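Descriptive structure summary
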Amino acid sequence: MTRLTRGIIVILLMLGIWFSPLPNGLSLQAWHLFAIFAATIIGFILQPLPLGAVALIGVMFAALSGTITMSEALSGFSNSTIWLIVSAFLFAKGFIKTGLGRRISYQLIRCFGSSALKLGYTLAISDFIISPATPSNTARCGGIMYPIVRSLASAFGSEPNRNPRKIGAYILSTTFQVDAPIAAMFLTACAPNLLIAAFALDTANVNISWGTWALAGIVPGLLSILLIPYFIYKFYPPEIKDTRAAQVVATEELAKMGAMSRDEWIISGVFIGALLLWSTSQYTQINSTVVALLGVSVMLITNVLEWNEILEEKGAWDGMIWMGGIVGLAGMLNKVGFIPWFAGSATGLMAGVSWVPTLIVLFLIYMYSHYVFASLSAHVTAMYAAFLAVAVGAGAPPFLAAFGFAALSNLMAGLTHYATGAAPIYFGAGYIKQQDWWRIGFFASVINVVIWLGVGALWWKILGLW
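Quantities reported herein were computed from a predicted structural model and do not represent experimental measurements. (Residues numbered from 1 in each chain as written. Predicted model: local features only at pLDDT ≥ 70, side-chain atom pairs only at ≥ 80, totals over all residues. Heavy atoms only, no water.)

**Some details on a nonpolar patch on the surface**
Together, Leu4, Ile8, Ile11, Leu12, Leu15 and Phe19 give the surface a local cluster of nonpolar side chains, amounting to about 650 Å² of exposed area. Looking at where Leu12 falls in the secondary structure, it is placed in helix 1 (residues 3-18). Classification of Leu12 as exposed rests on a relative accessible area of 54%. (Patch = residues over 30% accessible without salt bridge, like charges linked within 9 Å, V, L, I, M, F, W, Y side chains within 5 Å. Areas by Shrake-Rupley, 256 points an atom, 1.4 Å probe, with all protein chains shown as cover. Salt bridge = Lys/Arg side-chain N within 4 Å of Asp/Glu carboxyl O. Helix = DSSP H or I, 4+ residues; strand = E, 2+ residues; numbered from the N terminus. Buried < 20%, exposed > 50% of the residue type's maximum accessible area, 1.4 Å probe, protein only.)

Rendered as structure tokens:
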């Protein structure tokens, strides 16, 4: 399908909704804004243009058509969450530029990577440590972890066309699959999480701070980190168990890197300081975005990052454009009454059904509908707010529904070889056959769903969050 064809489909969809009969109980303004929003979401999925361009066109048309004012259309760009996203991308750039992420991983491998199973856990812990400062699972899992994992596979003579199951397939599969629950553990561990926090507040008045998210995610997240590497070790075992050669590789790489540089020490201080301020925000009352911008400012003042490097960080500015655009449109959908109308209508269809089975069905549909998505962000923007509104309308506790959908928004990343940005990188390495990838992804998803919606829900109840 060409870009032109995809673009025509998006336009026809918008016009089809725009000129269709007005549903009962809904204003013309709300219906027209929904037409623009729906076309923008389909544009995100089909991508006739890059995401930022699609969002910008949607914002422009919402104002040009008089559906909402220009200031309302641009309201998403003043959202503090959007600037937290930008800042977090710049944190990740500092990690990658200084090599601190690689150093942490190699240090852990040198100390604990003596067996295949220990190596799997060590790679998971490496990902976990750097996750709060890397909001892109593609940058973290693909940019930082993948080169390390790939070099380790080669060190054991495990190549895609020669001995892929020796150890390469195991460590690639484990590193990728464990990143999904790790991304669900912190507000700043995956870009859509920050979007989710904005949607949860707008749709259900649920305020999920950095500290609240981390506290809610820590128990189910650690259980996933404990179980997923072991599950893959048994279900998709490596041919070799002794991996002391990986410790030799790590020692050699650390020797090449030398002592920690000044910039690495600064990034370490910024990272630890940000974690402390984020986790104590309920006491300090310092906004999470202010903390992130403080960290970026320190990196600029100390020349760890230069201004030109910040300008060149395309991921940050692209994310700001498309997320700011969609947050603005979604926020206005709520204000003009579409989200309450949709929730009320859907709730009416499920009259007589208690909130428990309703929420379970919504959770499962939300999770496994990701088989038709190639982007976590597109899935979140298309379905999160609507599903949350229906769940709350059916009587589900707001936090349970909001954070349950938030967790699933990350856990679905492991389902397919196109589910998220890092997936094609790992699948493209050639170690794992497609049928194996899908089987591992499905069973890992079941384990994660049971942990997060079972043990996790109990943990959130103990914390008094619902």
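**What about the nonpolar core?**
Note on soluble globular proteins: their nonpolar side chains tend to be buried together. Counting 163 residues, the largest nonpolar core has Ile171, Tyr384 and Phe405 as the members making the most contacts within it. By residue number, the principal contributor to this core is helix 20 (residues 376-393), which donates 11 residues. If sequence neighbours within four positions are ignored, Tyr384 has contacts with Ile196, Phe199, Ala200, Tyr366, His379, Ala402, Phe405, Ala406 and Ser409. (Core = buried A, V, L, I, M, F, W, Y, C linked by side-chain atoms within 4.5 Å. Contact = heavy atoms within 4.5 Å.)

**Observations regarding helix 11 (residues 210-235)**
For helix 11, built from 26 residues, the straight-helix expectation of 38 Å at 1.5 Å per residue is met to within 8% by its first-to-last C-alpha distance of 35 Å. For helix 11, the principal kink sits at Ile218 and spans about 45°; a proline, Pro220, occurs within the next four residues. (Expected span 1.5 Å × (residues − 1). Bend = angle between axes of the 7 residues up to and from the residue.)

**Concerning the confidence of the model for the protein**
If pLDDT is low for a region, its predicted coordinates should not be looked at in detail. Chain-level statistics for the protein give a pLDDT mean of 87 and a share of 96% at 70 or above. Within the protein, the lowest mean pLDDT, 69, falls on helix 14 (residues 281-284), and the highest, 97, falls on helix 21 (residues 398-411). (pLDDT = per-residue confidence, 0-100.)

**With respect to helix 23 (residues 434-462)**
Taking 1.5 Å as the rise per residue, helix 23 with 29 residues should run 42 Å; its terminal C-alpha atoms sit 40 Å apart, in good agreement. The largest bend in helix 23 comes to about 35°, at Gly456. Looking at the residues trailing helix 23, positive phi occurs at Gly464, about 80°.

**So, the packing of helix 11 against helix 23**
For the pair helix 11 and helix 23, the least separation of the axes is 9 Å and the interaxial angle reads 150°. Here helix 23 runs roughly antiparallel to helix 11, going by the angle between their axes. Viewed along their axes, helix 11 and helix 23 form a crossing whose handedness is right-handed. Taken together, the residues of the contact of helix 11 with helix 23 break down into 20 nonpolar, five polar and one charged. (Axes fitted to C-alpha atoms, helices over the stretch in contact; angles between N-to-C directions. Parallel < 35°, antiparallel > 145°, perpendicular 65-115°, else oblique. Left-handed = near helix turned anticlockwise from the far one by under 90°. Nonpolar A, V, L, I, M, F, W, Y, C, P; charged D, E, K, R; others polar.)

**Quick word on the pattern of salt bridges**
In this structure the tally under the stated criterion is nine salt bridges. Between Glu253 and Lys256 there is a salt bridge, and its shortest N-O distance comes to 3.6 Å. Taken as a pair, Glu253 and Lys256 lie in helix 12 (residues 244-257) at a separation of three residues, close to a single helical turn. Judged by relative accessible area, Lys256 falls into the exposed class, the value being 67%. The network of salt bridges with common partners includes Asp127, Arg140 and Asp179.

**Remarks on the side chain of Thr175**
When you line up the elements, Thr175 lands in helix 9 (residues 168-183). Side-chain polar atoms of Thr175 contact the backbone oxygen of Ile171, separated by 2.7 Å. When residues no more than four places from it in sequence are discounted, the contact partners of Thr175 are Leu123, Asp127, Cys141, Met145, Val149 and Tyr426. (Polar contact = N/O pair within 3.5 Å; in protein donor to acceptor, adjacent residues only side chain to side chain.)

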